[in-house]
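One letter stands for each residue in the lines below.
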Amino acid sequence: MNLRELIKQFRVLSKDMVRKYLWPDEELIPWFAEAEKEAAQRARLIRDSDEITLSVGDKSCDLPSGMFDVQYAELRAVDGTVYEIHATDYVELTTTRPGWRTKSDRPREFIDNGDGTLTLGYVCDAAYTLYVEGFRTPKNPLSSEGDEPEIAEDHHSKLVDWVLFRAYSKPDVDTLNPGKSADGEDRFTKHFGKRLNADLRRRQNASRPHRNRCHL
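The residue count restarts for each chain, going from 1 along the sequence in the order it is written. This being a predicted model, a pLDDT of at least 70 is required before a residue's local features are given, and a value of 80 or more before pairs of side-chain atoms are given or counted; all residues contribute to the totals for chains, interfaces and linings. Where side-chain values are given, they derive from all heavy atoms of the structure, hydrogens and water being excluded.

Quick look at the nonpolar core now. Membership of the largest hydrophobic core comes to 26 residues, with the highest contact counts inside it found for F10, W23, L28, F32 and L159. Going through the elements one at a time, α1 (3–14), α2 (25–43), α4 (159–167) and α5 (178–192) are the ones with two or more residues in this core. Each helix is a run of DSSP H or I of at least 4 residues and each strand a run of E of at least 2, with the numbering of both proceeding from the N terminus. Broken down by element, the residue count for this core peaks at eight residues, all from α2. Contact partners of F10, with chain neighbours within four places excluded, come to W23, L28, F32, V160, V163, L164 and A167. We define the nonpolar core as a collection of buried residues of types Ala, Val, Leu, Ile, Met, Phe, Trp, Tyr and Cys that are connected through side-chain atoms lying within 4.5 Å of one another. Residue burial is assigned from relative accessible area. The probe radius is 1.4 Å, only protein chains are included, and a residue is buried under 20% of its type maximum, exposed over 50%, and partly exposed in between. Within the second largest apolar cluster, 18 residues are counted, among which are I52, L54, L75 and I85. Contacts are assigned to residue pairs with any non-hydrogen atoms lying within 4.5 Å of each other.

Attention now goes to α4. Burial analysis of α4 places eight of its nine residues in the buried class, the great majority of the element. As for α4, its buried residues are in contact with α1, α2 and α5.

Let us look at the pattern of salt bridges. Every case where a carboxyl oxygen of Asp or Glu lies within 4 Å of a side-chain nitrogen of Lys or Arg is listed as a salt bridge. Enumeration according to the criterion identifies 18 salt bridges in this entry. With a closest N to O distance of 3.6 Å, K139 and D48 form a salt bridge. Of this pair, K139 sits in the loop between β9 (128–136) and α4 while D48 is found in strand β1 (residues 47–54), placing the two residues 91 residues apart along the sequence. Relative accessible area serves as the criterion here: at 54%, K139 is assigned to the exposed category. The partly exposed category is assigned to D48, whose relative accessible area is 22%. Taken together, the salt bridges that share partners define one network made up of D48, R136, K139 and E150.

Next comes the structure, spelled out in structure tokens:
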């Protein structure tokens, strides 16, 4: 479905079929973009990979725009050697590798801070390429009628529930309907799941099984 079809479905369900619309297109479009981003985050619908350049002395790095919940990471040395590194947290790292914040060495772990940044387990002792796999939000938010969501088509129609939630939350005598708003949000949550906060995501990352592997 493209954005035009999604808006049409919204208008049928909300019975907002006659101009002048209660919710004009320019109000709906940002909500559909928000809905897709929310769905991608909650249900981890878009998996991607990328590479990050690390230099000597680096202690942290930014994730590629929109990427979250790193699932796998490895360091690629200049000589071609590949070292898998695993997620951890500050408490474990401080316990197992005292002095990690200032020691220059090859990082063995990373901490996903939940804010689009990674903290490295050591200060980089050399230049590396950090390869990461994880989930991301849509690269191109919905904005034009012909745009199609990046998430799988099976989920497209469910985006309307979020827009109904937002539409019936609009503080206007003709649009505000807390019951219908709650119904839309509930349907959306049942399909895509609850939103994870940054702290819970960090704890999930840190609790993943550790796998040490070196490719020569």
